[in-house]
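# Inside the fold
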Amino acid sequence: TSVSGDVGGLGGLRGLEYLVLMVTNVRGDVGGLGSLTNLEKLDLSSTDVSGDVGGLGNLTNLGDLYLDSTNVSGDVRGLSNLTGLSFLGLSATGVAGDVGGLGNLSRLFNLELNYTNVSGNVGGLGNLTNLETLKLTSTKV
């Protein structure tokens, strides 16, 4: 049995803390999940979700955000309010923007932006003193 459907239909589950649907047939605009302010982990990697990542910018309880290999796009600076993030995975997506806009995410220990359209100066990440993994392969940085 496969899992499918529009993730926007989950937008009413306001008490949800963990949403992991990686490698499924789900689709829809991630902005429909912007009301899930209790989310601590969101993993939609390798799905057909799309939309602007900025629609998730108010999910300030998120510690882990995995959207690798999806159709999401938008400016990574739309996530700059997610100061509790420890893991941010946006590799192989359509995101763009100045990578330095994530320089205030001081709890990050893993930042993966491979195969995206991000640009800018990596020096803007110099405040990320907890960072253990930084992946920027095939970007405009």
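As a reminder, the structure under discussion sits directly above these lines.
Counting from 1, residues in each chain are numbered in the order their sequence is written. Predicted model: local features are reported for residues with pLDDT of at least 70 only, side-chain atom pairs are reported and counted for 80 or more only, and whole-chain, interface and lining totals are derived from all residues. Values reported for side chains reflect all heavy atoms of the structure, with hydrogen atoms and water molecules removed beforehand.

## Here we look at the overall build of the protein chain
The test is simple: Secondary structure elements are taken from DSSP: a helix is a run of H or I of four residues or more, a strand is a run of E of two residues or more, and numbering for both begins at the N terminus. Computation of the radius of gyration draws on C-alpha atoms alone. For the globule rule, the value is 2.2 Å times the number of residues to the power 0.38. Only protein chains enter the accessibility calculation, which uses a 1.4 Å probe; a residue is then buried when its area is under 20% of its type maximum, exposed when over 50%, and partly exposed in between. In this analysis, two residues are considered to be in contact whenever any of their non-hydrogen atoms come within 4.5 Å of each other. In this description, accessible areas are obtained by the Shrake-Rupley approach with a 1.4 Å probe, and a residue is regarded as covered only by the protein chains that are shown. Within this scheme the basic residues Lys and Arg register as positive and the acidic residues Asp and Glu register as negative, but His and the chain ends are omitted. Working definition for charges: the position is that of NZ of Lys, CZ of Arg, CG of Asp or CD of Glu.
A count of helices and strands for the protein chain gives 0 helices and 12 strands. Starting at the N terminus and ending at the C terminus, the protein chain contains elements arranged as β-β-β-β-β-β-β-β-β-β-β-β. Relative to a compact globule of 141 residues, whose C-alpha radius of gyration would be 14 Å, the protein chain shows 14 Å and is just as compact. On the principal axes, the C-alpha backbone points of the protein chain span a range of 45 × 25 × 20 Å. Residues classed as buried in the protein chain amount to 43% of the 141 residues present. Excluding contacts between residues fewer than 6 apart, the proportion of contacts in the protein chain whose partners are at least 24 apart in sequence is 21%. Accessible surface, the protein chain: about 6,300 Å² in total, of which carbon and sulfur atoms supply 44%. One way to put it: in the protein chain the 7 positive side-chain charges average out to a point 2 Å from where the 13 negative ones average out.

## Overview of the sheet that holds strand β4 (residues 41–43)
Formally: Strand pairing is assigned whenever DSSP detects at least two bridges linking the two strands. Axis lines are fitted to C-alpha atoms, over the contacting stretch for helices. Their N-to-C directions set the angle, which ranges from 0 to 180 degrees.
Taken in spatial order, the 6 strands make up an open sheet running β2-β4-β6-β8-β10-β12, and their pairing is parallel. Across the chains shown, the open sheet's two edge strands, defined by having one partner strand only, are β2 (18–20) and β12 (133–135). Sheet twist, expressed as the mean angle between neighbouring strand axes with direction ignored, is 10 degrees. One ladder, built from 3 bridges, connects β2 with β4; its direction is parallel. From the neighbouring strand, V20 faces β4, where its bridge partner is D43.

Bear in mind that shape data such as this cannot, by itself, settle questions of function.
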